[in-house]
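# Coordinate inspection notes
So the chains spell out like this:
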Amino acid sequence: MKSWKKMLATLVAGVLGLSLLSGCKDEKKVENASWPTQPVTIITPWAVGGLADQIARAMTEYGKDQYGQPLLADNILGSGGAVALTEYLKEKPNTHKLILGGEGSFAIAPISMKVAYKFEDYVPIINIYSSTFVLLANPKAGVASFDDLQKLIAEGKDVKIAANGTASSEAMQAAALFTEMGGKFKIIPYEGANEALTAVVSGEVDFAVTHASLAREFVKAGNVKPVVAFDEKRLVDDVYNLDSVVQHGHDTWMTNICAVFMRAGTDQAIIDKNYTALKAILENPKLQATAKNIGLTLDIKDGAAVKAYIDSTIAKAEKYSKLVK
């Protein structure tokens, strides 16, 4: 009798367990289906007014249509993005907060400074844009081409180079290039690419590395002189006709990307929902017109492509770091 009762109790417990497990799964499905249940925020780890900030704020105008909730923009500054990315670790999976990041955040920052996060703490959702960096000179520096730069370096002059923080693609590429060329230099960090650009325009520094798209109007006005493109090929358009570093024998370049990330461990259904919503926003003709007006080249790619690119830049950054030590 006791054996029979024990078997019955075990069977009942098993049925209840399966019911509870099924209920948990159903609750999770409901939770994922109803996400977002509050406004969604995109955090930009860089200065207000930069390309990333401008496009993020433009995207918020179309968030309600795709999410059914407001899409908000926020900025958390410091250490070239490291402060915001560290702060974001407090978020749990399935958070209503998204964060922007790029190759500098995950390939360069961990090498050039002590950070409390790692790439594996995040899951990439979608790439927003890709951008080529250029080296710009203040007109008073007397450098208007790569040949001029070589002459300046041969003279042994010390120069100041503005960059978006020290843990950035801009800083790493500039340091690697000038080190390979035997130049004497100092990287001057600023909170954002636009501030670095302002510094070279004003003459506060001799050079700056920033986005080609961000500097277009200043180049057209003659406020700065483009020297070289950090790319494997020439940069040629209606404003630039610029040699690349590779053409001069220097493999010191990487393309800048700006992508959206969430906390690692976020449910795939929520990742997919974000990808679909953000892709629709980026494909909106009005948003694309805004991007064009600010000189931005949208480059929509899925999370797998973002991960593959950042993995490749981690190897490059390790190589660059050896050049600048």
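Please refer to the structure placed before this passage.
Here's a quick rundown of the structure. (Residues numbered from 1 in each chain as written. Predicted model: local features only at pLDDT ≥ 70, side-chain atom pairs only at ≥ 80, totals over all residues. Heavy atoms only, no water.)

### Some remarks on the nonpolar core
Among the nonpolar cores identified, the biggest contains 69 residues, and Met59, Tyr67, Leu100, Ile128, Phe261 and Leu278 are the most heavily contacted of them. Excluding its chain neighbours within four sequence positions, the residues that come into contact with Leu278 are Met59, Tyr67, Leu98, Ile125, Ile126 and Val260. (Core = buried A, V, L, I, M, F, W, Y, C linked by side-chain atoms within 4.5 Å. Buried < 20%, exposed > 50% of the residue type's maximum accessible area, 1.4 Å probe, protein only. Contact = heavy atoms within 4.5 Å.)

### Comments concerning the pattern of salt bridges
Within the structure shown, the criterion is met by 14 salt bridges. Two residues, Lys97 and Glu91, come together in a salt bridge whose shortest N-O distance is 3.8 Å. The structure contains a network of salt bridges with shared partners spanning Arg216, Asp237 and Asp238. (Salt bridge = Lys/Arg side-chain N within 4 Å of Asp/Glu carboxyl O.)

### Quick look at the pairing of strand 12 (residues 256-263)
Among the eight residues in strand 12, eight count as buried, and that is most of the element. Here strand 3 (residues 97-101) runs beside strand 12; their pairing, made up of three bridges, is antiparallel. Across the sheet, residue Gly101 finds its bridge partner in strand 12, namely Ala259. (Helix = DSSP H or I, 4+ residues; strand = E, 2+ residues; numbered from the N terminus. Pairing = 2+ DSSP bridges.)

### A few points about the pairing of strand 5 (residues 133-137)
Most of strand 5 sits inside the fold, with five of its five residues counted as buried. Neither face of strand 5 is exposed, since Phe133, Leu135 and Ala137 on one face and Val134 and Leu136 on the opposite face are all buried. Relative to strand 8 (residues 207-211), strand 5 is paired through five bridges, and the arrangement is antiparallel. If you follow Phe133 over to strand 8, its bridge partner there is His211. As judged from the five bridges shared by strand 5 and strand 9 (residues 225-230), these two strands associate in the antiparallel manner. Among the inter-strand pairings, Ala137 is bridged to a residue of strand 9, identified as Lys225.

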